[in-house]
Amino acid sequence: MTNPVDEHIQHFHTLLERDGHIRIKDIEPGHAAMDSSLHYHAGSSSINVSAFYYAAMRLPRCIDCVRTIIISSDLQSMVDSGFPIYDWEEVRTEGRRRKCYYDKNFLLAAHMSSVSDIDDIITIITTFQIEWNKIHDCLSRPDEYSKIKIFHQMNLYLTGLELFQKKIEHLS
């Protein structure tokens with residue numbers, strides 16, 4: 001019997017091998033079923049600010065404009081396939097050192113050197129998308145309490161993170 005993590009990974013690998021692409025919404029249920037310690041309560045309506053922040057720090061800042069991500073272990077193969085990535089803007093992330101290129105028109109090309117890199121980026125993108133949707137759902141509600149609550153949660157998390165970073169710097 002396989003566990004939810006293995007099932008999830010096998011599911012998106014099968015989609016990649018069969019179709020060559022993945023729609024994140026198709027793998028969200030498997031991601032939520034894993035109940036990962038990095039993204040606990042993914043399937044609930046509660047916003048997990050720490051998971052959102054963790055994912056956001058490992059994606060380029062342009063991710064909110066991206067609709068399609070092209071992943072390859074060979075940058076030249078992307079060019080040969082008709083994606084002039086060297087003419088695109090090279091974008092970086094704070095939490096990972098991956099080469100990514102953004103066409104400023106919804107496409108992001110990402111260089112992945114291993115299968116574990118692919119597993120990592122898909123998990124990060126899925127986490128980001130799930131929490132992004134929860135935040136937008138919350139902000140679209142007519143009641144002001146929901147909006148105030150989410151900004152309060154984010155502020156508490158970021159303030160706590162900033163204080164933690166200052167303590168670490170002080171110890172160094």
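Please read all numbers here as calculations on a predicted model, not as lab measurements.

Caption draft 1: Structural context of the nonpolar core. In terms of nonpolar packing, the biggest core is built from 24 residues, with Leu59 and Leu108 touching the most fellow members. The element best represented in this core is helix α5 (residues 115-140), accounting for seven residues. Discounting residues that sit within four places of it in the chain, Leu108 has contacts with Pro60, Cys62, Ile63, Val66, Thr68, Ile69, Ile70, Val91, Cys100, Tyr101 and Tyr102. Membership of the second largest hydrophobic core comes to eight residues, among which are Ile70, Trp88, Leu107 and Ala109.

Caption draft 2: Quick peek at helix α2 (residues 24-34). Those residues of α2 that fall on the buried side of the exposure criterion are Ile27, Glu28, His31 and Met34. What you see down the axis of α2 is that its buried residues fit within an arc of 135°, all on one side. Exposed residues pointing more than 90 degrees away from the buried face of α2 are listed as Lys25, Pro29 and Ala33. Packing partners of the buried residues in α2 comprise α1 (4-19) and α5. Just beyond α2, the residue with positive phi is Asp35, at close to 50°.

Caption draft 3: Here's a closer look at the packing of α1 against α5. Running from N to C, α1 and α5 cross one another at 105°; their axes reach a closest spacing of 11 Å. With respect to each other, α1 and α5 are oriented roughly perpendicular. Residues Ile9, Phe12, His13 and Leu16 of α1 form the contact with α5, whose own contacting residues are Val115, Ile118, Asp119 and Ile122.

What counts and how
- Residues numbered from 1 in each chain as written.
- Predicted model: local features only at pLDDT ≥ 70, side-chain atom pairs only at ≥ 80, totals over all residues.
- Heavy atoms only, no water.
- Core = buried A, V, L, I, M, F, W, Y, C linked by side-chain atoms within 4.5 Å.
- Buried < 20%, exposed > 50% of the residue type's maximum accessible area, 1.4 Å probe, protein only.
- Helix = DSSP H or I, 4+ residues; strand = E, 2+ residues; numbered from the N terminus.
- Contact = heavy atoms within 4.5 Å.
- Arc of directions from axis to C-beta.
- Axes fitted to C-alpha atoms, helices over the stretch in contact; angles between N-to-C directions.
- Parallel < 35°, antiparallel > 145°, perpendicular 65-115°, else oblique.

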